[in-house]
Each structure stands twice: as structure tokens, then as C-alpha cells.
Amino acid sequence: MATALVSVQIIPKASSTKEVIGLVDEAIKIIDSSGVNYEVHPLETTMEGELEHLLAVIAEMNKKMIELGSPNVISQVKILYQPEGITMGRLTEKYR
């Protein structure tokens with residue numbers, strides 16, 4: 001069972017909104033290829049897994065933004081670490 005939920009909003013510097021959207025799409029591809037459970041929301045993406053792995057995914061996302069031409073990137077991160085286990089569903093079940 002996952003021990004952490006991590007929400008990330010990645011904000012790459014780019015010359016246009018269209019370019020930013022393309023970069024964010026690339027960041028989401030990294031999350032998808034990582035194998036973690038995740039949900040994309042309008043302002044952030046939430047991932048579920050082991051804390052160290054999720055932080056490594058965020059590091060990879062930041063590096064990819066630079067590789068793709070962004071001169072810098074801001075990542076806003078929220079972490080819920082619960083060693084006995086946690087899932088997105090457990091936190092949101094009463095709303096579904």
C-alpha cells in the first residue's frame with residue numbers, strides 16, 4: 001500500500017500559454033510512465049506511492065522541463081506521508 005500522496009503543480013517558464021501546456025503534457029507523461037497511480041486535476045496532479053519514488057518523479061519532471069528548453073521551472077508540492085498506508089480514494093470516498 002502507498003505511504004504517501006503527493007500533489008504537484010509544475011510551472012515551466014515558457015514564451016506562450018500553448019508552450020506551457022505542451023511542457024505540462026510532457027511532465028504528465030513522466031508521471032504516467034513511472035507506474036504510480038495518479039489523477040490529473042485542473043491545478044495540480046496527485047500521485048500515490050512511496051515518498052522517495054514520488055519525489056524522484058518530481059525531480060525527473062523538473063529536469064525534463066529544462067531539457068525541453070524551459071530556462072527554469074517552479075514546482076509547488078504538497079505531501080501527505082502516512083507510513084501505515086494511504087490512498088486517494090480513502091481521502092475522497094465520502095465525496096464520491
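Everything discussed here concerns the structure shown above.
Since we're looking at a predicted model, the values are computed, not measured.

A word on helix H1 (residues 17-34). For H1, built from 18 residues, the straight-helix expectation of 26 Å at 1.5 Å per residue is met to within 8% by its first-to-last C-alpha distance of 26 Å. Along H1, the residues that are buried comprise Leu23, Ala27, Ile30 and Ile31. Relative to the axis of H1, the buried residues are bounded by an arc of 100° and lie together on one face. Residues of H1 that are exposed and point over 90 degrees away from its buried face: Thr17, Lys18, Lys29 and Ser33. Those residues of H1 that are buried are in contact with strand S1 (4-12), strand S2 (37-40), strand S3 (45-49) and helix H2 (51-67). Where H1 terminates, the next one or two residues include Gly35, which has phi positive at roughly 85°.

Looking now at a nonpolar patch on the surface. On the surface, Leu55, Val77, Ile79 and Tyr81 cluster together to form a nonpolar patch covering roughly 350 Å² of accessible area. Per element, the largest residue contribution to the nonpolar patch is three residues, and it comes from strand S4 (residues 73-81). Mapped onto the elements of the fold, Val77 is located in strand S4. The class of Val77 is partly exposed, set by a relative accessible area of 36%.

Criteria and thresholds
- Residues numbered from 1 in each chain as written.
- Predicted model: local features only at pLDDT ≥ 70, side-chain atom pairs only at ≥ 80, totals over all residues.
- Heavy atoms only, no water.
- Helix = DSSP H or I, 4+ residues; strand = E, 2+ residues; numbered from the N terminus.
- Expected span 1.5 Å × (residues − 1).
- Buried < 20%, exposed > 50% of the residue type's maximum accessible area, 1.4 Å probe, protein only.
- Arc of directions from axis to C-beta.
- Contact = heavy atoms within 4.5 Å.
- Patch = residues over 30% accessible without salt bridge, like charges linked within 9 Å, V, L, I, M, F, W, Y side chains within 5 Å.
- Areas by Shrake-Rupley, 256 points an atom, 1.4 Å probe, with all protein chains shown as cover.
- Salt bridge = Lys/Arg side-chain N within 4 Å of Asp/Glu carboxyl O.

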